[in-house]
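# Topology and contacts: notes
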Amino acid sequence: MGIREFKKRLRFLANGEDSLPGYKADGFRVMNKNIEFMTETKFAAAWKFAEAGNREAWAKRKRVPDVRWRAHTCCFAAQRALKLEGDFVEFGVNAGLLSMTVCEYLDFGALDRKFWLFDTFAGIPDGEMTAREAARAKQRNAGIYFDVFDIANRNFSKFDNAILVKGFLPNTLEGVPIEKIAYLSIDLNVARYEKECIDRVWDKVVPGAAIVLDDYAFIGCEEQNAMWNKFAAVHGQSILTLPTGQGLMIKQ
Ligand SMILES: C[S@@+](CC[C@H](N)C(=O)[O-])C[C@H]1O[C@@H](n2cnc3c(N)ncnc32)[C@H](O)[C@@H]1O
C-alpha cells in the first residue's frame, strides 16, 4: 500500500465510509467500488430521460426514486437481448422508469423489435393474493399509484415500436402477437400475478434471454422470492440475487 492509499484509509477510518467512492440509494450501499457506469454518457442520458418523464407519476412521493443500479441491470439484460431473437416485454410498467431507460439506452425506436408494456396503468388490481401482499398493494395504491396511462403514453411516444397494453394481467396476454421474447422484466409486486404471467410466456422466452425479477430479494416480498425459487427449481434454472433486490435469471 502506497502512502497515498494509506492516508486515504486513515481518512476512511477517521471520517467514516463517506470518504470512499460509492453509492447509497434504493436500500443499499456500496463502498470503494468502481461505479463509472452511472456517469457513462449513454446510460446517464437514458436515466435522465426516464427520470424526467417519471416526475409527475412519482408526485405523491415527491421525488423519483434513485433506482439507477436497477436500471443498469435492465440495460445489461436488454443489451444482451440484441444478440437474440425476440421482442421485449415488461409486466408492471407504471410510467416506465425502467423501460424508458432501456428504450433510450438502446435507441429502441430504431430497432426492428417490439417492446410490449403491460400494466393496468392505474395500480395493483384486486385479486387472489396473500393478506400481506394485499396490505402492501393497498399501501402502494394509496401512496404511489394513480392513473398514469396518459403519462406513460407520452413517455413512450417517441418509440413507435413500444406498445402499451392496458388492463389486468395475465388476461391481457390473450391475443397479443408475441412469438419470442429476448428480454423480460417482471415487476408486479404480487407472486400469483407474476406466476400466471411467466407460466403463459415461459416457452416463448428464448434460451439465453435474461429475465429481471424486480422484487425478488426485497424484505417483504418473500412470497415472490419463494414462488420464483420454486419456479427455477421446477424448470432447472438458477437465479442470481443482486444487492439491488433484483433477481436475474438467464434462461438455460
Ligand atoms: C412496481 S410498479 C412497476 C414499476 C415499473 N417497472 C417502473 O419501472 O417504474 C408495479 C406495477 O404493476 C402493476 N400491476 C400489478 N399487478 C398487475 C396486474 N395483475 N395486471 C396489470 N398490472 C399490474 C401496477 O399497476 C404497477 O404499475
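Quick caveat, the model's predicted, so the values are computed rather than measured.

A separate point is the packing of aromatic side chains. Evaluation of the coordinates by the stated rule reveals 17 aromatic pairs. Arranged with centres 5.6 Å apart and planes meeting at 70°, the rings of Phe28 and Trp69 form a pair that is edge-to-face. Within this pair, whereas Phe28 is found in strand 2 (residues 28–31), its partner Trp69 is found in helix 3 (residues 68–81), the two being separated by 41 residues in sequence. Per residue, the accessibility class of Phe28 equals that of Trp69, and both read buried. Here the guanidinium or amino end of Lys42 rests over the ring plane of Tyr105, the centre of that ring lying 4.2 Å away. Looking at Lys158, its charged tip hangs above the ring of Phe49, at a distance of 4.6 Å from the centre.

To continue, consider the site of the ligand. Around the ligand lies a shell of 20 residues, among which Gly92, Leu98, Asp119, Leu169 and Asp187 are the nearest. In this structure, a nitrogen atom belonging to the ligand sits 3.5 Å away from a side-chain N or O atom of Glu90. A total of 600 Å² of accessible area belongs to the ligand in isolation, and the protein chains cover 97% of it. Counted by class, the shell around the ligand contains ten nonpolar, six polar and four charged residues.

Bringing the layout of surface pockets into the picture now. When its volume is computed, the largest pocket comes out at roughly 950 Å³. As for the largest pocket, its lining consists of 40 residues, and the residues nearest its centre are Trp58, Arg140, Ile144, Tyr145 and Asn189. The residue makeup of the lining of the largest pocket, split by class, is 18 nonpolar, ten polar and twelve charged.

Under the criterion given, the structure shown has 13 salt bridges. One salt bridge connects Glu222 with Arg132, and the closest N-O pair in it is separated by 3.0 Å. Here Glu222 is found in helix 8 (residues 222–234), whereas its partner Arg132 is found in helix 5 (residues 131–143), with 90 residues between them in sequence. Residue classification places Arg132 among the partly exposed positions, given a relative accessible area of 40%. Where salt bridges share partners, they join Asp26, Arg70 and Asp214 into one cluster.

Turning our eyes to something else, we now look at the sheet that holds strand 8 (residues 239–241). Strand order in the open sheet made by the seven strands is 5-4-3-6-7-9-8, with mixed pairing throughout. In this open sheet, the two edge strands, each paired with only one partner strand, are strand 5 (162–166) and strand 8. Ignoring strand direction, the axes of neighbouring strands in this sheet form an average angle of 15°. Relative to strand 9 (residues 247–250), strand 8 runs antiparallel, the two sharing three bridges. In the sheet register, Ile239 faces strand 9, and the bridge partner there is Met249. With respect to the sheet, helix 7 (residues 191–201) is in contact with strand 3 (87–91), strand 6 (181–186) and strand 7 (205–213), its orientation differing from that of strand 6 by roughly 175°.

This paragraph deals with the nonpolar core. The biggest cluster of nonpolar side chains holds 85 residues, and the ones touching the most others in it are Phe91, Phe118, Leu184 and Trp228. Once residues within four sequence positions are removed from consideration, Phe118 is found in contact with Val89, Glu90, Phe91, Gly92, Val93, Val165, Leu169, Thr172, Leu173, Val176 and Ile178.

Here the focus is the packing of helix 2 (residues 41–53) against helix 3. When two helices pack together, their arrangement is given by the angle between their axes and by how far apart the axes lie. Running from N to C, helix 2 and helix 3 point in directions that differ by 115°, and their axes come no closer than 11 Å. Handedness of the helix 2/helix 3 crossing: right-handed. On helix 3, the residues that touch Lys42, Phe43 and Trp47 of helix 2 are Arg68, Ala71, His72, Cys75 and Gln79. For the contact of helix 2 with helix 3, the class distribution of residues is four nonpolar, two polar and two charged.

Turning to the domain arrangement of the protein chain, a few remarks are in order. In terms of domains, the protein chain is made up of domain 1 (1–34) and domain 2 (40–250). Each of domain 1 and domain 2 was reduced to a C-alpha centroid, and the two centroids are 33 Å apart. Taken residue by residue, the interface counts five residues in domain 1 and seven residues in domain 2. Buried surface at the junction of domain 1 and domain 2, summed over both partners, amounts to about 570 Å²; 60% is from carbon and sulfur atoms. The largest share of the area that domain 1 buries against domain 2 comes from Tyr23, Asp26 and Phe28, three residues that together contribute 83% of it. One salt bridge in this structure joins Arg70 and Asp26, with 2.7 Å as the shortest N-O distance.

Rules behind the numbers
- Residues numbered from 1 in each chain as written.
- Predicted model: local features only at pLDDT ≥ 70, side-chain atom pairs only at ≥ 80, totals over all residues.
- Heavy atoms only, no water.
- Phe/Tyr/Trp six-rings, centres within 6.5 Å; stacked < 30°, edge-to-face > 60°.
- Helix = DSSP H or I, 4+ residues; strand = E, 2+ residues; numbered from the N terminus.
- Buried < 20%, exposed > 50% of the residue type's maximum accessible area, 1.4 Å probe, protein only.
- Lys NZ or Arg CZ within 6 Å of the ring centre and 35° of its normal.
- Near = heavy atom within 4 Å.
- Polar contact = N/O pair within 3.5 Å; in protein donor to acceptor, adjacent residues only side chain to side chain.
- Areas by Shrake-Rupley, 256 points an atom, 1.4 Å probe, with all protein chains shown as cover.
- Nonpolar A, V, L, I, M, F, W, Y, C, P; charged D, E, K, R; others polar.
- 1 Å grid on protein atoms, 1.4 Å probe; cavity = no way out; pocket = protein on both sides within 12 Å on 5 of 7 lines; lining within 4 Å.
- Points joined across faces, edges and corners; volume = space filled by probe spheres on them.
- Salt bridge = Lys/Arg side-chain N within 4 Å of Asp/Glu carboxyl O.
- Pairing = 2+ DSSP bridges.
- Axes fitted to C-alpha atoms, helices over the stretch in contact; angles between N-to-C directions.
- Contact = heavy atoms within 4.5 Å.
- Core = buried A, V, L, I, M, F, W, Y, C linked by side-chain atoms within 4.5 Å.
- Left-handed = near helix turned anticlockwise from the far one by under 90°.
- Domains from an automatic or database assignment.
- Buried area = accessible area lost by both parts, 1.4 Å probe.

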